[in-house]
Amino acid sequence: MSYVVEMLNIRKEFPGIVANDNVTLQLKKGEIHALLGENGAGKSTLMGMLFGMYQPEAGVIKVKGKEVKISSPNVANDLGIGMVHQHFKLVENFTVTENIILGLEPKKFLTVDIKSAAKKIEELSKSYGLNVDPYSKIEDISVGMQQRVEILKMLYRNADVLIFDEPTAVLTPQEIEDLIKIMKNLIKEGKSIIIITHKLKEIKAAADRCSVIRRGKYIGTVNVKETSEAEMAKMMVGRQVSFKVEKKEAKLGEEVLKIENLSVKNNKKVLGLKDFTLNVRRGEIVGIAGVEGNGQTELVEALTGMRPVESGNIIYNGNDITKLSIRKRIDEGIAHIPEDRHKRGLILDYNMEDNMVLKVYKNKPFSKNGLINRKEVENYSNNIIETFDVRSGEGGKSIARSLSGGNQQKGIIGREIQSNPDLLIAVQPTRGLDVGSIEYIHKRLVEQRDNGKAVLLVSLELDEVLNVSDRIAVVNNGELVGIVNANETDENEVGLMMAGIKRGES
C-alpha cells in the first residue's frame, strides 16, 4: 500500500500539556482523510507539524515513502504540502492575484509580472471549478471566496497534499456543498486531502476514511461508509452523545425584550434591517434563522449598542434603551455571545483570567477605590474555566491566543452566562465547537431559559435553531418573513422561509 504521507508515533509537547501523544496518521494517494477530534484534542498541532510550523519531539514523518524533516512551511511547500488555515492568511487590500503570488513573484526584467500570474490563476480556477476573479480585492469578496483563494494559493505552488483546517466553520450551507464538490474535483485531479473537522455530517458527505484523536491520543481509523455518525461521535468524545436537545415545555413570564419597527443601516449605508418587530419573554428561547448577511448582524449590534438605530425602538424590561450606551446595557443585565470571538469576544493578548472579568472588573468585589483585587478575579475566573471545561496548558494564566478556537468560545460563553443576565443574546454560540461541547452549551442555554431568563439565539445552523428554540423568527433580506413555533415546523418550511417564501405561498 503506498501512502503519500505517513506520520508515525508523533509526540509534541507544549508548556503544561502533551498535545500529541504517540499519534499515527497515514494518508493514501487520492483519498479525502478526515482528522476528527474535540476542541483542543491536538488536530491542528498534528497538522502544524506536517506543515512545518512545529517540530515533533519524537516520531517520524514520511512523504512518498521517504523520511523527511519539515523545518518550515517553505520546506512543506517544496515537498508538495499545502495548508488552508482556520483563520485565513490573506492581505485584505491586495487583489486575489497579489495574495496568491506573495513570496513567489514571477519577475520579468525586475518588475513583477502580474498579468501572466493572473492568467495562470484564471486557468487553475477554471480547471478546478473555483470561479475566482483574479483581479478582485480580498476585502470585497465573501468568506467562501476567500477560502477558494487560499486553495488556489496551494495549487499555484503545485501542492499534491492539501490540508484543510476546519474549512466549513465560516461557510453558509450552500458554500459547504460547493466546497465538498471542489474537494472531490481536487481528488479527481490526483490530489490527496486531509480535512480537520468535528462536523460528522460533513465527514459522511466528503471523506473516505477518518482518524480520531482524543485528548492528544490516537483512538483509531475507520472507513466512513461503514461507520455511523453516532459511532464516530463516541470515538471522539469517549461516550454516547445525544444529538437531540432535551427540554421541557417553556414556562413563559413577562416580556423582557420588545423590538418595535426597528430599522438599522448596514456598513454600505443602506438599511440592513427594515421595520423589524419581535418580542422575547422570560422563560423562552427565540431563534433567528436566516442565511448569513440577511440583517442578523445589524439586529444584534443595535440590541447591544454597537450600531445606531435609524428608526424604531428597543424596549428592555419596560424601558426604552434605544439610545443607551453599551456599558449601561451590560450593567442592566444584557449579555452577548458575539459572532466573532477574536474581534468582539476576547482580548487575545490578555490571559484568560482577565478576559473572564472584562465586564465586571470595575464592580465590587473585583475592585475597590480603583484597585483590582487579584484574588477575587482569580477565583471568579477559575470557577468559569472549570465549570465550562475550558482547556488550556496553564488554566487562567494561559494567554487567550494560545487556546484552541473551541476553548476560547467556551470561555466567552461561560463569562456571559456567569454574569447572570436577564437577556442572553447568543450569536453562533456553537460555531467551531465539537459535538460534546455543543451538547453542553445547548443544555446551558435551555437551563438559562428554565431559570426564567430570556434567550435570543442567532445561528446559521438550521438544525441548531430548530432544536434549541421555542419560537423561530425567520429573516430574509433584512425583513421578518414570519414567526413559527419550533415544534410545529421543520427544516423544509424554515428553509423556504429563509429564501423569502412566506408560509402558505409556495
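What counts, and at which threshold
- Every chain is numbered on its own, with residues counted from 1 as its sequence reads.
- Since the coordinates come from a predicted model, pLDDT governs what is reported: local features require at least 70, and pairs of side-chain atoms require 80 or more to be given and counted, while whole-chain, interface and lining totals use all residues.
- Remark: hydrogens and water are excluded; side-chain values derive from all non-hydrogen atoms of the structure.
- UniProt positions are given in the numbering used here, feature names are shortened, and annotations may be inferred rather than shown by experiment.
- Secondary structure elements are defined from DSSP: runs of H or I of at least 4 residues count as helices, runs of E of at least 2 residues count as strands, and each element is numbered from the N terminus.
- With the radius of gyration taken over C-alpha atoms, the globule rule is written as 2.2 Å times the number of residues to the power 0.38.
- Exposure classes here rest on a 1.4 Å probe applied to the protein chains alone. A residue is buried below 20% of its type maximum, exposed above 50%, and partly exposed in between.
- Residue contacts are defined here by distance: any two heavy atoms, one from each residue, within 4.5 Å place the two residues in contact.
- Computed with a 1.4 Å probe, the accessible areas rest on the Shrake-Rupley method; for each residue, only the protein chains presented here act as cover.
- One requirement defines pairing of two strands: DSSP has to find at least two bridges between them.
- Whenever a helix is involved, its axis is fitted only over the stretch in contact; in every case the axis is a line through C-alpha atoms, and angles between N-to-C directions fall within 0 to 180 degrees.
- Residues scored as positive are Lys and Arg, those scored as negative are Asp and Glu, and His as well as the terminal groups of each chain are ignored.
- Each salt bridge in this description consists of a side-chain nitrogen of Lys or Arg and a carboxyl oxygen of Asp or Glu lying within 4 Å of one another.
- The definitions used throughout rest on a 1 Å grid laid over the protein atoms alone, on which a cavity is an enclosed set of points accommodating a 1.4 Å probe that cannot get out and a pocket is an open set flanked by protein within 12 Å on both sides along at least five of seven lines; lining residues are those having an atom within 4 Å of a point.
- Grid points are joined across faces, edges and corners, and a volume is the space filled by probe spheres set on the points.
- Three classes are used, and their members are as follows: Ala, Val, Leu, Ile, Met, Phe, Trp, Tyr, Cys and Pro are nonpolar, Asp, Glu, Lys and Arg are charged, and the others, Gly among them, are polar.
- As used throughout, domain bounds are those supplied by an automatic or database domain assignment.
- Summed over both partners, buried area is the accessible surface (1.4 Å probe) that two parts give up on being assembled.
- Each polar contact in these results corresponds to two N or O atoms within 3.5 Å; when the atoms are within protein, one needs to be able to donate a hydrogen and the other to accept it, and residues that are neighboring in sequence are counted only if both atoms are side-chain atoms.

In the annotation of an unreviewed UniProt entry, the entry for the protein chain reads ABC transporter ATP-binding protein, and the organism field reads Clostridium sartagoforme. Regarding the protein chain, the UniProt comment filed under Sequence similarities (unreviewed entry) reads as follows: "Belongs to the ABC transporter superfamily." Database annotation for the protein chain, UniProt heading Subcellular location (unreviewed entry): "Cell membrane".

Enquirer: Teacher, can you tell me more about the overall build of the protein chain here?
Expert: Each helix and strand counted, the protein chain has 17 helices and 24 strands in total. Relative to the compact-globule value of 23 Å for 506 residues, the protein chain shows a C-alpha radius of gyration of 24 Å, a close match. Summarising its shape, the C-alpha atoms of the protein chain cover approximately 70 × 50 × 50 Å along the three principal directions. For the protein chain, the proportion of its 506 residues judged to be buried stands at 52%. Sequence-distant contacts, at least 24 apart, represent 66% of the contacts inside the protein chain between residues at least 6 apart. Element-wise, carbon and sulfur atoms account for 50% of the exposed surface of the protein chain, whose accessible area totals about 23,000 Å².

Enquirer: Teacher, can you tell me more about the sheet that holds strand β22 (residues 454-458) here?
Expert: Backbone hydrogen bonds hold the strands of a sheet together, and the pairing may be parallel or antiparallel. Taken in spatial order, the 6 strands make up an open sheet running β18-β21-β22-β15-β23-β24, and their pairing is mixed. The sheet terminates laterally at β18 (334-337) and β24 (479-485), the two strands that pair on one side only. For this sheet, the mean inter-axis angle between neighbouring strands, taken without regard to orientation, is 15°. Note that strand β15 (residues 284-289) and strand β23 (residues 471-476) share 4 bridges and pair parallel.

Enquirer: In this structure, what is going on with the side chain of K43? I would like to understand it.
Expert: Structurally, K43 can be placed in helix α1 (residues 43-50). With no salt bridge to any partner, buried K43 finds its closest opposite charge in E166, at an N-O distance of 4.2 Å. Those residues in contact with K43 that sit more than four places away from it in its chain are L35, L36, G37, E38, E166, I196, T197, H198 and I213.

Enquirer: So what exactly am I meant to see when it comes to the UniProt feature "domain: ABC transporter" (unreviewed entry) in the protein chain here?
Expert: Within this numbering scheme, the UniProt entry marks residues 5-240 and 257-502 as carrying the feature "domain: ABC transporter" (unreviewed entry). Its end C-alpha atoms 25 Å apart, residues 257-502 is made of 34% helix and 26% strand.

Enquirer: I'm lost on empty space enclosed by the protein in this one. Help?
Expert: Counting across every chain of the model gives 1 cavity of 30 Å³ or more. Every residue along the wall of the largest cavity is listed here: T168, L179, I180, M183, I195, E202 and A206. Of the residues belonging to the lining of the largest cavity, the class tally is 5 nonpolar, 1 polar and 1 charged.

Enquirer: How should I be thinking about the layout of surface pockets in this particular structure?
Expert: One simple way to see leftover space: roll a probe sized like a water molecule over the atoms. Size it by volume and the largest pocket reaches roughly 1,900 Å³. Lining the largest pocket are 46 residues, with V143, E292, E339, D340 and K343 positioned closest to its centre. Mapped by element, the contributors of at least two residues to the lining of the largest pocket are α5 (143-156), α9 (296-304) and α11 (341-345). Here the lining of the largest pocket is composed, by residue class, of 12 nonpolar, 18 polar and 16 charged.

Enquirer: Help me understand α9, please; the structure alone is not making it clear to me.
Expert: Side chains that are three or four residues apart share a direction in an α-helix, a result of its 3.6 residues per turn. Among the 9 residues in α9, 8 count as buried, and that is most of the element. The complete set of buried residues in α9 reads Q296, E298, L299, V300, E301, A302, L303 and T304. Just downstream of α9 lies G305, where phi reads positive at about 95°.

Enquirer: Mind showing me how you'd approach the sheet that holds strand β13 (residues 255-265) here?
Expert: Spatial strand order, β14-β13-β16-β17: 4 strands in an open sheet with antiparallel pairing. This sheet does not close on itself; its edge strands, each paired only once, are β14 (271-281) and β17 (319-320). In the sheet, β13 pairs with strand β16 (residues 311-316) via 5 bridges, with the strands oriented antiparallel. Within β16, the position partnered with L257 by the bridge is Y316. Taken strand by strand, α9 contacts β13, β14 and β16, and its axis lies near 120° from that of β13.

Enquirer: Would you explain the domain arrangement of the protein chain in this entry?
Expert: Buried accessible area, meaning the area lost when the parts come together, often serves as the stated size of an interface. Per the domain assignment, the segments of the protein chain are domain 1 (3-237), domain 2 (251-333 + 424-505) and domain 3 (344-420). Across the contact, 18 residues belong to domain 2 and 13 residues belong to domain 3. For the pair domain 2 and domain 3, the summed buried area comes to about 1,300 Å², and 59% of that belongs to carbon and sulfur atoms. Summed over the shared surface of domain 2 and domain 3, the result is 1 salt bridge. The tally of links between domain 2 and domain 3 comes to 5 residue pairs in polar contact (both at pLDDT 80 or more).

Enquirer: I would appreciate a short explanation of the pairing of β13 in the present structure.
Expert: Within a regular beta strand, the side chains point alternately toward one face of the sheet and then the other, so they alternate between its two faces. Pairing of β13 with β14, which is carried by 7 bridges, proceeds in the antiparallel orientation. Pairing of L262 across the sheet is with F276, part of β14. Connecting β13 to the antiparallel partner β14 that follows it, the hairpin turn spans 5 residues, and K269 within it adopts a positive phi of roughly 70°.

Enquirer: For this particular structure, what's the right way to read the pattern of salt bridges?
Expert: In a structure, side chains of opposite charge can pair up when their charged atoms sit close to one another. Scanning all chains against the criterion turns up 37 salt bridges. Taking the shortest distance from any N to any O, the salt bridge between K199 and E461 comes out at 3.3 Å. On the criterion of sequence distance, the pair formed by K199 in the loop between β10 (192-197) and α7 (200-206) and E461 in the loop between β22 and α16 (462-468) is long-range, its members being 262 residues apart. Here E461 falls in the partly exposed class, since its relative accessible area comes to 34%. Ionic contacts of the salt-bridge type, sharing partners, join the residues E353, D354, R374, K375, E378 and K397 into one network.

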